[in-house]
Amino acid sequence: MNERLPAGFDLEPERYELQEAPFLDLELARRDFFKAAGGGLIVLLFLPAAAAAQEAGGGRRGRGFGGRMPAEIGAWLHIGEDGAVTSFTGKVEVGQGSRTSLAQAVAEELRVPADSVRMVMGDTALVPFDGGTAGSQTTPAMVPQLRRAAAAARELLIDLAAREWKEDRGLLEAAGGKVIHSRTGQAVDYGKLTRGRKLVEAVGAGAALTPASAWKVCGQPVPRAGGVDLVTGRHRYASDQRLPGMLYGKVLRPPAFGASLVSLDAKEAEAIEGVMLARDGGFAGVAAPSEREAERALAALKAEWKTSPQTAAKDLFEILKQGPGEGRDREGRPEQERGSIEEGLAAADFRLESAYTVAYIAHAPLEHRAALAEWKDGALTVWTGTQRPFGVRGELARALGVPEERVRVIVPDTGSGYGGKHTGEAAVEAARIARAAGKPVKVVWTREEEFTWAYFRPAGLIEVRSGVKKDGAITAWEFRNYNSGASAIRPLYDIPNLKVEFRPSRSPLRQGSYRALAATANHFARESHLDELARQAGIDPLELRRRNLKDPRLLAVLAAAAERFGWGRARAAGRGFGIAAGFEKGSYVAYCAEVAAAAATGKPAPEVKVERLVTAFECGAILNPDNLRNQVEGAVIMGLGGALFEAIEFEDGRILNPRFSEYRVPRFGDVPVLDTVLLDRKDLPSAGAGETPIVGVAPAIANAIFDAIGLRLRSMPLLKSRG
Amino acid sequence: MPRAFELKINGASRQVETDPRRSLLSVLRDDLDLTGSKYGCGEGECGACTVLLDGRAARSCQVAVEAAAGREITTIEGLAKDSKLHPVQQAFLEAGAMQCGYCTPGMVLAVVALLGQKPKPDEAEVARALQGNLCRCGTYPRILAAVRLAAGIAEERKR
Ligand code: FES
Ligand code: FES
C-alpha cells in the first residue's frame, strides 16, 4: 500500500492491489470471506513467499480458512458495514496476553481504541494457517502482520473518503474510527465508508507502520481482553464445552510406559447401561452419559498388558550420555566452534571442569488436556485447548483417516500451555470415541493422566570445561549438552577458544517443548559455571561477566539489575547474593537473587529461602507494559519451581509423583519479593516475552546459595538430592 | 443409589437427583452447567474448584453433594449482583491479576471468603489463606495486589 491511487481510479466494485502474485482464486475467496464476515472491507495480508513456505511446511498442505485459504495469507481483517473491526489469526490465547496485544496492534494502525477490535483466534475454519503459538513468535511475527493489514485498511478508508469528498487524500487523516478532514473538520465513520460495499484488498509487506515513538495504543497498559468473562467464570474453556446428547469419554491407559495391550475383555463394561466402547488397534476408550459411569466402565475393562523393562531413574544420566543409540550419529555436530580448546586451556591461569544436570519436569497447566469432538456427515469438529490448532487438525486427519478439509479445530482461550499443549492427544481420543459412539464426546484428562501421558521438559546432562586468566578473561569454553537441547547454547560472551555442542539422546520418557526449551538448562550450566570461574579467579561475578561481554543489550540489563538490587552492598550472616544473565529469542534478561541459606544436617540439600529476586528485562519496544510485567513475573515464578523443587520421579516406566500433593509447584508462600525492571527500547522491534524471563532464575539462586554457605549445587532442582 | 437433593445455589433452589457421594464439583459442572468452578486436581490441592459454603471457602471436589445440601452455596456465577461485579472481581480486573484465568474463579472466591473473615489481612495472612490455591501462571503478586485493592489497604513497605 505504498502507492496511492491514481486520480479517478475506479474503486468499485472491488480492487486488488497485489505486490506479489498469490495463487489464490480471489473471486472464490471473496465469496467465502464475505459469507463468513458479512459486507464491508476485507484486507488480506500476503506473506513473502519464503515465510509462507515455512509456515506451510514447504507445501500447500497447511491451508487455513477451512482449507480454502492459501498458505500465503498470514492474517486478515474485516471492517464491517457497522464499522466493527474483526481480525483473524491462527495464534491462540493461552494466558500470554496475545488476544490483547494483537488487538492493540490492529487498533494502533486503524486509529481505534483497543477494546473495539475483536480478535478471532485459533479456529481453523475462519483463520489463516498458522504454524502454532510457540517460540515467542506471536509478537515478532504476528504483530507486524496484523499491523500491516490494519495500516492498509486505514489507507484504503482514507482513499474511500477522499473519493467520496473529491478531496486530496493528503488532507485527510484517520482518528477515533473516523476519517477526518484536517482543514474543515468534516468526519465520516469507517462504517459509513464501508456500507454497501464488498471490497477486498490484498496487501504484501509494503505498508508503512507507525513508529514506536508515535504509538498511542501500543505501548499502553491496555487491560486484558475478556477479563470480565474470566472473573465471572463465564468464559468456557475447552473443558467447559458441552453439546446436546454429549457423552463423557475415558481412555484405557497402560500400566507403564512401553506396555502393549495383549487382550481386552470389555463385556462387563459394555453391559453397563449407556456405555459405548471404542477400539482401534491398541486404543481402547469408553463413553457414557456421565463422567462417573464412564469411570465405572473404564474400571470394568479387563485388560492384559505386556510390559517391557524400562530405564531405572538412577541410570538416567548415564543413559543420556550414551547418545541416541544404534545407527544414529553419536557425536552430534558442534553448534559453534572456534580457536582451540587445548590452547585456550594452556593459556589460562585457572582451569575448571564441572557437570550439571536438569531433571524432567512437567508443565502441569492448571487446565488439563481436554477436547469435545462432534461428527456430522463425516466432518469432524473438535474444541480443544492447544497451542497448535493446525497441527492438531493434521493429527486428527491422519489418526482418523479424514481429509484436513473435513476437520475443524476450534481453540477456546486456553487454561495455559507453557509449551505443553503442542499436541492433540485428547482431541484424537475424543474424536475416536465420538466416532464409535455416534455422539459428541468430551474427554478431559485427569491430573494423573496429565502428569503421566503428556510430555516432559527433557532431562539433561551438561559438561563444561573452561579456563580463565587472573584478570578475568575467559580463554577456553567447551560446553556439551546431552539430550536437553540446543536452545541458547551459544554464549554471548567473547571467548577466543570455544566449542559448543548438543548431543541428542534416547530419552526414556516422552519429552517435548517447554517454555524456553533448553535455554533454561543451558543458562543454568553456563551462568553457574561462570560463577565458579569468578570464584576461582577471585573476581566479582558481575565484573567477570562485564569483562567478557561486548553485547550492549546484555550489559544494559546486567547494569539495571545490579543497580536495582544494590549489588556489592554488604550481606547479613546466612544471606547470599547471586547474579545471572541471559539472552534468547531476541530478548535479554539479568537477575540478582538474595537467599537465606543454611546447611541442613544429615541432608544433602540445604535449607533455602529465596528472599528477593530482581529481574531486568529488555525485549525491544514494549507493546503493553502491564502485560509484559505480568509475563516476566509469571515466568520467574514458574522458574522458581524448576529451580528449587520440581522433578518428575519415575521407575519401571511409571511416574511416581503424578499429583499436586506429590509434585510440588510454586505456591503463594514460595514467592519472594519480586522486583522487575523493564527496559523499553522504542528504537528496536518488539520481541516475545513469554519465555525468556524463565531462563536464568535457577543459576541466580544457585550462585546466591554458594555465596551464602559455600555449597555449589549443580543439579536442577537445587533442593532435591539425586541420591 | 441416586437420591433427590435440594441445593441452594446462588440464592436459588436447584433440584438434583444423584448419587449422594458424588462431588459437588461434578454436580455443579455436569448436571447444572455451572462451569465457572474448575477442575484442577480432584484431590483438594489446587483450589480451582473453590466455592463458598455458608460463606466459607470450600473445595467442591472434596465435598459430597449430600454434605452440601441445605447449605448456602455460592459459586462464581453468583457473585456479581444485578450485573454489577463484586468488589473482589473488580479488584482482580484492576490489578490485572490473571493470565489464563483458569485459577481466577477459585481465587476470587477464596479472597471473598478471606475478606469475610478478616477484612484487612496482612501479607502473611493472605499467603496463608491462599496457599491452597494454585496459579500455574504465577500471578501471585498481582493477586496480592488485588486483595489489597479490594480490602482498601496500602502496600506494605518492602524492607
Ligand atoms: S479440583 Fe478441587 S482442589 Fe483441585
Ligand atoms: S492465571 Fe493461569 S493458572 Fe492462574
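As the structure is a prediction and not an experimental result, all values here were calculated from the model.

Conventions used here
By convention here, each chain's residues receive numbers from 1 onward along its written sequence. To read the labels, note that chains go from A and ligands from 1, taken in the order they are written. Per-residue local features are limited, in this predicted model, to residues with pLDDT of at least 70; the limit for side-chain atom pairs, both in listing and counting, is 80 or more; totals at the level of whole chains, interfaces and linings are taken over all residues. Computation of side-chain values: all heavy atoms of the structure, hydrogens and water removed. Put simply, DSSP H or I for four residues or longer makes a helix, DSSP E for two residues or longer makes a strand, and each gets a number counted from the N terminus. One less than the residue count of a helix, multiplied by 1.5 Å, gives the span that helix is expected to have. Between buried and exposed lies partly exposed: a residue is buried under 20% and exposed over 50% of the maximum accessible area for its type, with that area taken using a 1.4 Å probe on protein chains only. Residue ranges labeled as domains rest on an automatic or database domain assignment. Should any heavy atoms of two residues lie within 4.5 Å, those residues are counted as being in contact. For this document, the term salt bridge refers to a Lys or Arg side-chain nitrogen within 4 Å of an Asp or Glu carboxyl oxygen. Think of a polar contact as two N or O atoms within 3.5 Å of one another; within protein, one of them needs to be a possible hydrogen donor and the other a possible acceptor, and neighboring residues in sequence only count if both atoms come from side chains. Three classes are used: nonpolar for Ala, Val, Leu, Ile, Met, Phe, Trp, Tyr, Cys and Pro, charged for Asp, Glu, Lys and Arg, and polar for all others, with Gly counted as polar. The axes are straight lines fitted to the C-alpha atoms, using for helices just the contacting stretch, and the angles between their N-to-C directions are given from 0 to 180°. In these notes the angle categories are as follows: under 35 degrees is roughly parallel, over 145 is roughly antiparallel, 65 to 115 is roughly perpendicular, and the rest is oblique. By convention, the crossing between two helices is left-handed when the near helix turns anticlockwise from the far helix through less than a right angle, and right-handed when the turn is clockwise. Whether two strands pair depends on DSSP finding at least two bridges between them.

**Let's talk about helix α14 (residues 519-537) of chain A**
So, point 1. Taking 1.5 Å per residue as the helical rise, α14(A) with its 19 residues ought to reach 27 Å, and the 26 Å between its terminal C-alpha atoms agrees with that figure.
So, point 2. Of all 19 residues in α14(A), 17 are buried; the element is thus mostly enclosed.

**Let's talk about the domain arrangement of chain B**
Residues and elements named next belong to chain B.
So, point 1. For chain B, the domain assignment lists domain 1 (3-78) and domain 2 (87-158).
So, point 2. Inter-centroid distance (C-alpha atoms) of domain 1 to domain 2 is 22 Å.
So, point 3. Contact with domain 1, which involves 17 residues of that partner, is made by 13 residues of domain 2.
So, point 4. Applying the counting rule to domain 1 against domain 2 returns zero salt bridges.
So, point 5. Between domain 1 and domain 2 we count six residue pairs in polar contact (both at pLDDT 80 or more) in total.
So, point 6. When contributions to the side of domain 1 that touches domain 2 are tallied by element, the ones reaching two or more residues are β3 (50-53) and β4 (56-59).
So, point 7. Across the side of domain 1 that touches domain 2, the residue classes break down as seven nonpolar, six polar and four charged.

**With respect to the packing of helix α3 (residues 98-110) of chain A against helix α4 (residues 138-165) of chain A**
Residue and element names in this part refer to chain A.
So, point 1. Packing of α3 against α4 leaves a shortest axis separation of 7 Å and a crossing angle of 30°. Considering their axes alone, α3 and α4 lie roughly parallel with respect to each other. Both α3 and α4 take part in a crossing whose hand is right-handed. Between α3 and α4, the residues in contact are Ser98, Leu102, Ala105, Val106, Glu109 and Leu110 and Thr138, Met142, Val143, Leu146, Arg147, Ala150, Ala151, Ala153, Arg154 and Leu157, respectively.
So, point 2. For the contact of α3 with α4, the residue count by class is 11 nonpolar, two polar and three charged.

**Some thoughts on the sheet that holds strand β8 (residues 198-203) of chain A**
All names here are of chain A.
So, point 1. Pairing is mixed across the open sheet formed by five strands, whose spatial order is β4-β3-β2-β1-β8. Single-partner strands in this sheet number two, and they are β4 (117-121) and β8. Sheet twist, expressed as the average angle between the axes of neighbouring strands with direction ignored, equals 20°.
So, point 2. As paired elements, strand β3 (residues 85-89) and β4 share five bridges and run parallel to each other.

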